[in-house]
Amino acid sequence: MPRHVREAIEDRAGEVGPASLKRAAAEMSDAYRAGKTPPRIAGAERTAAYLVTRMPATYAAARAVLRETHRLLGGREISSVLDIGAGSGAAALAALEEYPAAAVTLIDRDRALLDAAREWLPQARVLADDATRTSTLVPHDLVILAYSAGEIARLPLATLWQAARVALILIEPGTPRGFAVIRAARSELLAAGAHMIAPCPAEGACPVIDPDWCHFAARVERSALHRRIKGADLGYEDEKYSYVALAREPVAPAASRIVGRPRHHPGLIELETCTPTGLTTVRATKRDRDRFRSARHAEWGAPGI
Ligand SMILES: C[S@@+](CC[C@H](N)C(=O)[O-])C[C@H]1O[C@@H](n2cnc3c(N)ncnc32)[C@H](O)[C@@H]1O
């Protein structure tokens, strides 16, 4: 995340103190793990715990998705961004990395998270409202729901789509439940005339079959504070996410996409790849030097080789 945001979060966390932060972070993770409905983020401790432990991860996922969406949308102008269920504005911050001049609007019902967002997005228009009160969904070029579509009861998908002048992006946790939200939205919006930007190489039925789910991973550096309150040793974590980005006008999506971590064997690399005709394992052996070199640089979530 941008340095000024990281510093502002450290300041807020300092006001709460490590013991309370640790307790709030543990309560949040337990509730996420146990609960079918994610808990409301309420109170200064939980807000700070979200900022320290979750926001860097949701930002990393949004950053990866925004980068790929921008690449495939090419020069199409995005001068306004609507971040729905914006929380502390992670997705809006990621969008500004791609479209620095865009005007940003944030909607959320959680005033504490919106107050935090105001600190690092002072230029944003901020609406403290329930996203299902659809009168607030004014058209913007890009509409994003990051980790919020699954939380918003009675999500008004048709209204969200109407609000998206150029593109709509949905990002969810990379879990079976998160993917189910993405898959259902993908089907409904393609049927309503949307066009695929990413990650899918085609607009036909999704070839992923239960109990598998389509998801990707974004590497997140853990701050010292994050490691301390989570009791973690590793200096990084991999945030798993599922997503779909859809456009109003046709876009040329990737010809294929790598949908799993590349598997490296001696002299052989295997890439689980989604293609317009279904899922396939692409193999590259040392005998084909160019292909092997491409496979060595291939990444989960990138277009296929
Ligand atoms: C997991 S947080 C994600 C926040 C942020 N988008 C991110 O990526 O870090 C989900 C957000 O959705 C918001 N939310 C849930 N239901 C909502 C509703 N009906 N209207 C507005 N916001 C809602 C919550 O307040 C919370 O801030």
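So, how was this worked out
Residues numbered from 1 in each chain as written. Predicted model: local features only at pLDDT ≥ 70, side-chain atom pairs only at ≥ 80, totals over all residues. Heavy atoms only, no water. Helix = DSSP H or I, 4+ residues; strand = E, 2+ residues; numbered from the N terminus. Expected span 1.5 Å × (residues − 1). Buried < 20%, exposed > 50% of the residue type's maximum accessible area, 1.4 Å probe, protein only. Arc of directions from axis to C-beta. Contact = heavy atoms within 4.5 Å. Domains from an automatic or database assignment. Buried area = accessible area lost by both parts, 1.4 Å probe. Salt bridge = Lys/Arg side-chain N within 4 Å of Asp/Glu carboxyl O.

1. Observations regarding helix 7 (residues 176-191)
Part 1 of the reasoning: For helix 7, which comprises 16 residues, the first-to-last C-alpha distance of 22 Å matches the rise-based estimate of 22 Å (1.5 Å per residue) to within 8%.
Part 2 of the reasoning: What helix 7 keeps buried is the set Gly178, Phe179, Ile182, Ala185, Arg186, Leu189 and Leu190. When helix 7 is viewed along its axis, its buried side chains cluster within an angular range of 130 degrees and face the same direction.
Part 3 of the reasoning: Lining the buried residues of helix 7 we find helix 6 (157-163), strand 5 (164-173), strand 6 (195-198) and strand 8 (236-247).

2. Some remarks on the domain arrangement of the chain
As a measure of interface size, the accessible area lost when the parts come together is often cited.
Part 1 of the reasoning: What the domain assignment reports for the chain is domain 1 (57-212 + 232-247) and domain 2 (257-297).
Part 2 of the reasoning: For domain 1 and domain 2, the distance between their C-alpha centroids amounts to 29 Å.
Part 3 of the reasoning: The interface is formed by 11 residues belonging to domain 1 together with seven residues belonging to domain 2.
Part 4 of the reasoning: Across the domain 1 to domain 2 interface the summed buried area is about 630 Å²; carbon plus sulfur atoms make up 62%.
Part 5 of the reasoning: On the domain 1 side of the contact with domain 2, Pro199, Pro201 and Pro207 bury the most area, a combined 60% of that side's loss.
Part 6 of the reasoning: Summed over the shared surface of domain 1 and domain 2, the result is two salt bridges.
Part 7 of the reasoning: Here Arg257 makes a salt bridge to Glu68, at a shortest N to O gap of 2.9 Å.

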